[in-house]
2 protein chains.
Amino acid sequence: MSVRVTPLLLTLLSGSAALGACQRGSEHDATPTPVAATAEPVDPRTLFEPLPTEIEYDATTVALGNQLYHDPGLSVDGTLSCASCHNIAAGGDDGRATSLGVRDQAGPINAPTVLNARYHLAQFWDGRAEDLHAQAMGPMTNPIEMGATEEHVVAYVQSVPDYVAAFEAAGYEEITFSNVAHAIASFEETLVTPSRFDDYLRGDDGALSEQELAGMHAFVEVGCTGCHQGPAMGGTMFQKMGLVRDYFASRGGELTDADLGRFNHTGEERDRHQFKVPTLRNVELTAPYFHDGSVAELDDAVRIMGEVQLGRDLSEAEVADIVAFLEALTGSAMTLADVTIPPALPAAPSVDQGEEPGAPTAEGASVELK
Amino acid sequence: MSVRVTPLLLTLLSGSAALGACQRGSEHDATPTPVAATAEPVDPRTLFEPLPTEIEYDATTVALGNQLYHDPGLSVDGTLSCASCHNIAAGGDDGRATSLGVRDQAGPINAPTVLNARYHLAQFWDGRAEDLHAQAMGPMTNPIEMGATEEHVVAYVQSVPDYVAAFEAAGYEEITFSNVAHAIASFEETLVTPSRFDDYLRGDDGALSEQELAGMHAFVEVGCTGCHQGPAMGGTMFQKMGLVRDYFASRGGELTDADLGRFNHTGEERDRHQFKVPTLRNVELTAPYFHDGSVAELDDAVRIMGEVQLGRDLSEAEVADIVAFLEALTGSAMTLADVTIPPALPAAPSVDQGEEPGAPTAEGASVELK
């Protein structure tokens with residue numbers, strides 16, 4: 001390998017020191033000890049981050065967002081709310097392969113769960129929304145989802161006196177489409193579901209059963225954590241569907257537009273078949289699986305991931321253990337409901353909010369999740 | 001699992017349709033065919049993206065950046081340039097475990113290669129600079145790297161008449177620290193090194209030897225592509241060092257600050273020991289390896305990665321094949337020099353630039369890389 005260095009460079013640099021590259025001695029090298037030939041398994045407690053046990057939020061805004069999230073009045077024909085495809089009581093999705101929009105229009109892709117979505121680096125499978133606020137604006141005006149217009153949404157909300165009062169109480173200067181989405185996103189930010197696994201991560205050795213622990217170690221050992229990491233056990237990166245085996249060819253069908261993944265958003269060749277790694281929190285509740293909703297059972301999903309992403313033919317015992325571990329990631333929905341369905345909007349006449357001891361104030365609240 | 005739905009929600013929603021969740025039939029489900037039991041290996045040509053064979057750049061700005069990049073006058077004592085730690089002729093780094101700054105101060109971390117850095121999602125091992133422009137500002141004023149001040153850099157550049165003319169010719173309104181970094185980054189953007197692997201990806205079946213092809217398939221099959229992907233074969237994500245085996249414990253030493261990785265930048269627990277996945281382009285030239293520079297040989301690096309990241313005990317044949325493949329990722333430095341070391345600054349007296357047929361114009365240029 002040779003490189004031609006033009007004399008002109010040196011001309012310009014005359015008067016200052018010579019080029020620094022390639023001239024420095026090696027007497028200062030302090031190379032760390034190389035790793036041992038056989039390294040110890042990593043401690044999962046160093047690998048994962050527990051979900052918080054407490055989060056802070058603005059109670060007034062979240063209460064408003066909660067109402068809006070569940071309100072079909074935001075859709076063009078009053079039939080669908082955010083909760084239609086992201087049912088908080090059922091794992092944060094709709095249990096369908098791909099979603100149904102207004103007038104029973106079939107959506108192109110599996111609805112991801114809204115639970116713990118705040119921990120995702122971006123929203124939607126293709127990451128086209130940078131945060132929950134941006135995401136919340138999408139479905140309301142998507143013609144095959146809620147099918148409304150921004151004007152419809154704003155006019156509807158303005159027509160409900162309780163909403164008008166609630167927007168004012170939450171400190172919004174006016175009712176705009178963006179503010180509707182902001183309130184909904186504020187509500188979604190509270191949807192955090194700590195589980196027994198988090199108890200384990202915090203030091204409770206008895207929180208997981210023997211099989212769940214075996215599954216946790218298998219999950220690490222076979223490499224699932226390469227993609228499913230962070231507090232949501234996913235959502236921290238985009239990844240190619242079919243890294244080792246060709247997922248799409250072996251699925252046997254034609255490619256859909258949705259199969260192109262993040263390519264649809266960026267147009268970059270490198271993003272073809274890249275999808276945001278889905279969270280595994282509450283995965284027990286979010287069948288069917290994958291962006292195409294093609295797999296109904298969690299054990300099959302684990303088996304296929306092992307094969308197409310990791311090139312591993314997992315044993316039945318490994319699959320069973322990993323499934324047991326994944327089921328330990330299910331958060332308590334009862335706890336969740338306590339957090340996310342607030343007692344009332346401040347302006348609602350039937351509740352004396354703020355007067356009772358311990359009631360959340362309009363300025364802020366902090367709720368223990370577990 | 002049960003969820004308490006507060007009556008107040010329903011009160012507010014009276015008059016509009018009932019809650020949409022959980023109420024929609026399943027008669028429209030159109031589940032795609034599940035994947036076959038045993039899927040075919042993925043075609044690497046669908047997995048990787050070749051580097052471009054041609055890039056466009058502003059020749060005047062790049063020529064200026066090239067000069068600045070190689071100029072030790074930017075350091076506090078005139079001893080170090082960008083090229084000192086990122087020697088383009090030697091793989092884009094300095095061949096040291098960790099770098100040496102001015103006054104022989106030892107740096108904390110292995111210098112990453114500058115080659116193909118434009119394809120990284122962020123710069124530095126911990127991603128603390130969002131792009132090359134932000135990166136270029138770091139080392140000049142880092143006390144243990146080039147040790148200068150912004151004022152020193154600007155004063156030095158202003159003291160060189162050729163620089164003053166070159167900044168004006170490149171269209172900069174004034175010589176500022178940020179503009180110096182901008183010119184350097186513009187030069188770095190041109191450091192793209194297509195290789196025989198890119199010829200293969202574009203359809204030249206004979207571009208890789210049998211062993212290199214075997215290595216490419218092993219690279220995919222064992223899961224290296226889970227992290228090393230995109231045009232730079234890396235730089236698209238952050239990843240935990242020691243996903244399956246504990247890299248740091250088995251290295252046998254104390255943790256350094258640098259070992260904390262992206263945690264140093266974000267302070268988030270989830271980022272502890274996370275590093276930007278390094279590019280594998282020109283990896284043959286960039287020993288020693290890893291953020292700590294602890295491994296001198298590429299085959300050892302491959303072996304350790306297989307173990308600590310993928311939980312695989314790679315066979316000697318697999319290691320040899322993968323190393324052969326990685327060596328096919330080395331770009332042509334001769335070609336590179338042709339691209340990146342321009343004939344002269346516009347104001348340099350010894351070259352009649354722009355008059356010769358085919359010479360790049362000041363407005364823009366496009367160079368075939370291969």
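From a predicted model like this one, the values you see are computed outputs, not experimental measurements. Along each chain, residues carry numbers from 1 onward, in the same order as the chain's sequence is written. Whichever chain is written first is A, and whichever ligand is written first is 1; the rest continue in order. Totals for whole chains, interfaces and linings use all residues, but because this is a predicted model, local features are given only for residues with pLDDT of at least 70 and pairs of side-chain atoms are given and counted only at 80 or more. No hydrogens and no water enter the side-chain calculation; it runs on all heavy atoms of the structure.

1. What about the overall build of chain A?
Reasoning step 1: By definition, any uninterrupted DSSP run of H or I lasting at least four residues is a helix, any uninterrupted run of E lasting at least two residues is a strand, and each is numbered from the N terminus. The helix and strand inventory of chain A stands at 15 helices and four strands.
Reasoning step 2: Here chain A holds 370 residues, and 56% of them are scored as buried.
Reasoning step 3: When contacts within chain A are restricted to residue pairs at least 6 apart in sequence, long-range pairs at least 24 apart make up 69% of them.
Reasoning step 4: Values of accessible area rely on a 1.4 Å probe in the Shrake-Rupley scheme; residue burial ignores everything except the protein chains shown. Accessible surface, chain A: about 14700 Å² in total, of which carbon and sulfur atoms supply 51%. Burial classes: relative accessible area under 20% of the type maximum marks a residue as buried, over 50% as exposed, and values in between as partly exposed (1.4 Å probe, protein chains only). Whether two residues touch is decided by their heavy atoms; if any such pair falls within 4.5 Å, the residues are in contact.

2. Remarks on unusual backbone geometry
Reasoning step 1: Here the amide bond leading from A:A287 into A:P288 is cis, since omega sits at -5°, within 30 degrees of zero.
Reasoning step 2: Relative to the helices and strands, A:P288 resides in the loop between β3 (274-276) and α13 (298-310).
Reasoning step 3: Its identity is not glycine, yet A:D104 carries a phi of approximately 55°, on the positive side.
Reasoning step 4: Relative to the helices and strands, A:D104 resides in the loop between α4 (82-85) and α5 (132-141).
Reasoning step 5: Positive phi is not limited to glycine here, since B:H273 has a value of about 65°.
Reasoning step 6: Looking at the secondary structure, you find B:H273 in the loop between α12 (263-266) and β3 (274-276).

3. Considerations on the pattern of salt bridges
Residues and elements named next belong to chain B.
Reasoning step 1: Whenever a carboxyl oxygen of Asp or Glu lies within 4 Å of a side-chain nitrogen of Lys or Arg, that contact is scored as a salt bridge. Counted according to the given criterion, the structure contains 28 salt bridges over all chains.
Reasoning step 2: Between R303 and D300 there is a salt bridge, with its nearest N and O atoms 2.7 Å apart. Residue R303 and its partner D300 are both found in helix α13 (residues 298-310); the two are separated by three residues, about one turn of the helix.
Reasoning step 3: On the basis of relative accessible area, D300 is assigned to the partly exposed category, the value being 32%.

4. Some points on the packing of α5(A) against helix α8 (residues 177-188) of chain A
Residue and element names in this part refer to chain A.
Reasoning step 1: Between α5 and α8, the shortest axis-to-axis distance is 8 Å and the interhelical angle comes to 120°. Where α5 crosses over α8, the two elements pack in a sense that is right-handed. In this structure, α5 contributes L132, H133, Q135, A136, M137, M140 and T141 to the contact, and α8 contributes F177, S178, V180, A181, H182, I184, A185 and E188.
Reasoning step 2: A per-class count over the contact of α5 with α8 returns nine nonpolar, five polar and one charged. An axis is simply a line fitted to the C-alpha atoms; with a helix, the fit covers only the stretch in contact. Between two such axes, the angle follows the N-to-C directions and lies from 0 to 180 degrees. Take the far helix as your reference; a near helix turned counterclockwise from it by less than a right angle gives a left-handed crossing, and one turned clockwise gives a right-handed crossing. Amino acids outside the nonpolar list (Ala, Val, Leu, Ile, Met, Phe, Trp, Tyr, Cys, Pro) and the charged list (Asp, Glu, Lys, Arg) are all regarded as polar, and Gly is one of them.

5. Here we look at the packing of helix α6 (residues 150-158) of chain B against helix α7 (residues 161-169) of chain B
Residues and elements named next belong to chain B.
Reasoning step 1: Remark: α6 packs on α7, axes separated minimally by 6 Å, with the N-to-C direction vectors making an angle of 95°. Overall, the two elements α6 and α7 adopt an arrangement that is roughly perpendicular. Across the interface between the two elements, Y156, V157 and Q158 from α6 touch Y163, V164 and F167 from α7.
Reasoning step 2: Partitioning the contact of α6 with α7 into residue classes produces five nonpolar, one polar and no charged. Should an angle fall under 35 degrees it is taken as roughly parallel, and over 145 as roughly antiparallel, whereas 65 to 115 is taken as roughly perpendicular and any remaining angle as oblique.

6. Overview of the packing of aromatic side chains
Residues and elements named next belong to chain B.
Reasoning step 1: Paired rings are identified among Phe, Tyr and Trp, the last through its six-membered ring, by centres lying within 6.5 Å, and are further divided according to the angle between planes into stacked (under 30 degrees), edge-to-face (over 60) and tilted (the rest). Within the structure shown, the criterion is met by 20 aromatic pairs over all chains.
Reasoning step 2: Both rings, one in F197 and one in F325, keep their centres 5.0 Å apart while their planes meet at 85°; by these two values the pair is edge-to-face. Taken as a pair, F197 in helix α9 (residues 196-201) and F325 in helix α14 (residues 316-327) lie far apart in primary sequence, 128 residues in all. Pair check on accessibility: F197 and F325 agree, each one buried.

7. A word on the confidence of the model for chain A
Residue and element names in this part refer to chain A.
Reasoning step 1: pLDDT is defined as a per-residue confidence score from the predictor, taking values between 0 and 100. With 79% of its residues at a pLDDT of at least 70, chain A reaches an overall mean of 82.
Reasoning step 2: Confidence, expressed as mean pLDDT per element, reaches its minimum in chain A at helix α1 (residues 7-13) with 27 and its maximum at helix α14 (residues 316-327) with 98.
Reasoning step 3: Overall, residues 1-30 carries pLDDT values under 50, and its contacts beyond four positions in sequence, including any with other chains, amount to 66 contacts.
Reasoning step 4: Taken as a whole, residues 337-370 scores under 50 in pLDDT and shows 76 contacts with residues more than four places along the chain or in a different chain.

8. Considerations on helix α5 (residues 132-141) of chain B
Residue and element names in this part refer to chain B.
Reasoning step 1: Among the residues of α5, those classed as buried are L132, Q135, A136, P139 and M140. What you see down the axis of α5 is that its buried residues fit within an arc of 135°, all on one side.
Reasoning step 2: Looking at the buried residues of α5, the elements they touch are α6 and α8 (177-188). Think of the arc as the fan of directions from the helix axis to the C-beta atoms.

9. So, the environment of A:A129
Residue and element names in this part refer to chain A.
Reasoning step 1: Residue placement: A129 occurs in the loop between α4 and α5.
Reasoning step 2: Given a relative accessible area of 4%, A129 falls into the buried group.
Reasoning step 3: C-alpha separation for the pair A129 and H265, spaced 136 residues apart in sequence, amounts to 9.7 Å.
Reasoning step 4: Not counting the four nearest positions on each side in its chain, A129 is found in contact with A122, Q123, F124, A134 and Q135.

10. Some words on the environment of B:L64
Residue and element names in this part refer to chain B.
Reasoning step 1: Summarising the element assignment, L64 is placed in helix α3 (residues 59-69).
Reasoning step 2: L64 gets classed as buried once you look at its relative accessible area, which sits at 0%.
Reasoning step 3: For the pair L64 and L191, spaced 127 residues apart in sequence, the C-alpha separation works out to 15 Å.

11. Things to note about the state of the cysteines
Residues and elements named next belong to chain A.
Reasoning step 1: When the sulfur atoms of two cysteines come within 2.5 Å, that pair is taken as a disulfide. Counted by the stated rule, this structure contains zero disulfides over all chains.
Reasoning step 2: Here C85 is not disulfide-linked; the sulfur of C82 is the nearest cysteine sulfur, at 9.2 Å.
Reasoning step 3: With a relative accessible area of 16%, C85 lands in the buried category.

12. Describing α13(A)
Reasoning step 1: Expected span, for any helix, means 1.5 Å times one less than how many residues it has. Taking 1.5 Å of rise per residue, the 13 residues of α13(A) would be expected to cover 18 Å, and the 17 Å separating its terminal C-alpha atoms lies within 8% of that figure.
Reasoning step 2: Those residues of α13(A) that are buried lie in contact with β2 (238-240), α11 (247-251) and α14 of chain A together with α10 (210-221) of chain B.

13. So, the environment of A:G306
All names here are of chain A.
Reasoning step 1: Along the chain, the position of G306 falls in helix α13.
Reasoning step 2: With 47 residues separating them along the chain, G306 and D259 place their C-alpha atoms 19 Å apart.
Reasoning step 3: When neighbours within four sequence positions are excluded, G306 is seen to be in contact with G311, R312 and L314.

14. Describing the side chain of B:S75
Residue and element names in this part refer to chain B.
Reasoning step 1: With respect to the helices and strands, the residue S75 is situated in the loop between α3 and α4 (82-85).
Reasoning step 2: Residue classification places S75 among the buried positions, given a relative accessible area of 1%.
Reasoning step 3: Each polar contact in these results corresponds to two N or O atoms within 3.5 Å; when the atoms are within protein, one needs to be able to donate a hydrogen and the other to accept it, and residues that are neighboring in sequence are counted only if both atoms are side-chain atoms. Of note is the side chain of S75, whose polar atom sits 2.8 Å from the backbone oxygen of P72.
Reasoning step 4: From its side chain, S75 meets the backbone nitrogen of L80 in a polar contact 3.1 Å long.
Reasoning step 5: Residue contacts for S75: discarding those within four places in its chain leaves L80, V102, M146, A148 and H152.

15. Focus: the side chain of A:N282
Residues and elements named next belong to chain A.
Reasoning step 1: Examined against the element boundaries, N282 turns out to sit in the loop between β3 and α13.
Reasoning step 2: Its relative accessible area of 1% is what places N282 among the buried residues.
Reasoning step 3: At 2.8 Å, the side chain of N282 and the backbone nitrogen of G331 are in polar contact.
Reasoning step 4: When sequence neighbours within four positions are dropped, the list of residues in contact with N282 reads L115, N116, T193, L329, T330 and G331.

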